[in-house]
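Each chain, written out:
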Amino acid sequence: MAEAARRAGRSPSDVRLVAVTKYVGSDDVWALVAAGCRDLGESRPQQLWQKAAALKTADVSWHLIGHLQRNKVARTLPLVSLVHSGDNLRLLETLDAEAAHANCTPVPVLLEVNISGDTAKHGFQPHELGPLADRFACLPRIDIKGLMAMAGREGNLDDARREFSALRQLRDELRRAWAGRWSLDELSMGMSSDYEVAIEEGATLVRVGTALFEGLE
Ligand SMILES: *Cc1c(COP(=O)(O)O)cnc(C)c1O
């Protein structure tokens, strides 16, 4: 990660690792924490609930990186520091309502963008976001921190680079358009196979699972 940041003239401290724990049990997550990981990610809400309970005494922040069904919002909200998968307006409305109900501070979320055009993927279409600003502005308990995306599954690294670059450009445009309302500083992109390319293209958060556990019995 540090080498990729330097290659792009960025500071290694500008990129955070979200260690994705979905492949392992709580013992291995404790090993990650001992190794210095402080940001942990789960894609399934139920798994996040279980692991957060098992690691209750650890000084860690949980990131929800996968689809959140609206009936799981209330239980998930108190556990997470960032929802990467803000992938539709109704979910954001539910998060806003739940945060109001629980009387808590605005929920940090990323807007998930479907940059690969794969219809099986969750997320907003890139062109949808600009016009939705007025709708988002009606949700005072949502704090939009940036954008998240996944590269297309079958894509090679050149495709991934193009998609990450497009996400960054979209972020830059929205940041100008939405200045003063939302900061949009975060770009969550890059996984085990493409995190270096993502960092070169501006990622501030990479979500890496498989590569952390190579060789684990
Ligand atoms: C599983 C997952 C990752 C991590 O993928 P790896 O290829 O194992 O690094 C990242 N992001 C999301 C949304 C995931 O579901």
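Placed above this text is the structure.
Residues numbered from 1 in each chain as written. Predicted model: local features only at pLDDT ≥ 70, side-chain atom pairs only at ≥ 80, totals over all residues. Heavy atoms only, no water.

1. Quick word on the side chain of His63
Okay, step 1: Relative to the helices and strands, His63 is located in strand E3 (residues 61-64).
Okay, step 2: Looking at His63, the relative accessible area reads 1%, which means it is buried.
Okay, step 3: Ignoring any residue separated from it by four or fewer positions in sequence, one finds His63 in contact with Arg16, Val18, Asp39, Leu40, Gly41, Glu42, Leu48, Ser81, Leu82, His84 and Leu205. (Helix = DSSP H or I, 4+ residues; strand = E, 2+ residues; numbered from the N terminus. Buried < 20%, exposed > 50% of the residue type's maximum accessible area, 1.4 Å probe, protein only. Contact = heavy atoms within 4.5 Å.)

2. Details of the site of the ligand
Okay, step 1: As a matter of local geometry, the ligand sits amid Val20, Lys22, Tyr23, Ser43, Ile65, Met150, Met191, Ser192, Arg207, Val208, Gly209 and Thr210.
Okay, step 2: One nitrogen or oxygen atom from the side chain of Lys22 is found 2.7 Å from an oxygen atom belonging to the ligand.
Okay, step 3: Within the side chain of Thr210, a nitrogen or oxygen atom sits 2.5 Å from an oxygen atom of the ligand.
Okay, step 4: For the ligand, whose accessible area on its own is 380 Å², the fraction buried by protein is 89%.
Okay, step 5: With respect to the pocket detection grid, the ligand is positioned in the largest pocket.
Okay, step 6: Taken together, the residues of the shell around the ligand break down into six nonpolar, four polar and two charged. (Near = heavy atom within 4 Å. Polar contact = N/O pair within 3.5 Å; in protein donor to acceptor, adjacent residues only side chain to side chain. Areas by Shrake-Rupley, 256 points an atom, 1.4 Å probe, with all protein chains shown as cover. 1 Å grid on protein atoms, 1.4 Å probe; cavity = no way out; pocket = protein on both sides within 12 Å on 5 of 7 lines; lining within 4 Å. Sits in = over half its atoms within 2 Å of the grid points. Nonpolar A, V, L, I, M, F, W, Y, C, P; charged D, E, K, R; others polar.)

3. Structural notes on the packing of aromatic side chains
Okay, step 1: One pass over the full model with this rule turns up four aromatic pairs.
Okay, step 2: Centroid distance Phe136 to Trp178: 6.0 Å. Interplanar angle 85°. Geometry classified as edge-to-face. Pair noted here: Phe136 is in helix H7 (residues 133-137) and Trp178 is in the loop between helix H8 (157-177) and strand E7 (186-188), with a separation of 42 residues, a long-range link.
Okay, step 3: Accessibility expressed as a relative area gives 2% for Phe136, which makes it buried.
Okay, step 4: According to the relative accessible area criterion, Trp178 is buried, its value standing at 3%.
Okay, step 5: One aromatic cluster in this structure is built from Phe124, Phe136, Trp178 and Trp182. (Phe/Tyr/Trp six-rings, centres within 6.5 Å; stacked < 30°, edge-to-face > 60°.)

4. Section: the nonpolar core
Okay, step 1: Residues Leu40, Leu95, Leu111, Leu129, Phe136 and Leu147 are the most contacted members of the largest nonpolar core, which totals 61 residues.
Okay, step 2: Once you skip the residues sitting within four places of it in the chain, Leu95 turns out to touch Leu68, Val73, Leu77, Val107, Val109 and Ile142. (Core = buried A, V, L, I, M, F, W, Y, C linked by side-chain atoms within 4.5 Å.)

5. Regarding the pairing of strand E5 (residues 107-112)
Okay, step 1: Burial runs high along E5: five of the six residues are buried.
Okay, step 2: Strand direction decides the pairing type here: strand E4 (residues 80-86) and E5, joined by two bridges, are parallel. Its bridge partner being in E5, Gly86 is matched across the sheet by Leu111.
Okay, step 3: In this view, the connection linking E4 to its parallel neighbour E5 by way of helix H5 (residues 89-101) has right-handed handedness.
Okay, step 4: Taken together, the six bridges between E5 and strand E6 (residues 142-148) define a ladder with parallel strand orientation. By the bridge assignment, Pro108 is partnered in E6 with Asp143. (Pairing = 2+ DSSP bridges. Right-handed = clockwise from strand over helix to strand, strands pointing away.)

6. Quick notes on H5
Okay, step 1: The end-to-end C-alpha distance of H5 is 18 Å, a good match for the 18 Å that 13 residues give at a rise of 1.5 Å each.
Okay, step 2: Of the positions making up H5, those classed as buried are Leu89, Leu91, Leu92, Leu95, Asp96, Glu98 and Ala99.
Okay, step 3: On its buried face, H5 sits against helix H4 (73-76), E4, E5, H7 and E6.
Okay, step 4: Taken from the residues just after H5, Asn103 is the one with a positive phi, measuring 55°. (Expected span 1.5 Å × (residues − 1).)

7. Considering the layout of surface pockets
Okay, step 1: Quantified by volume, the largest pocket comes out at close to 880 Å³.
Okay, step 2: Along the walls of the largest pocket sit 35 residues, with Lys22, Lys121, Met150, Arg153 and Met191 positioned nearest its centre.
Okay, step 3: Those elements giving two or more residues to the lining of the largest pocket turn out to be helix H3 (45-54), H8 and strand E8 (205-208).
Okay, step 4: By residue class, the composition of the lining of the largest pocket is twelve nonpolar, 13 polar and ten charged. (Points joined across faces, edges and corners; volume = space filled by probe spheres on them.)

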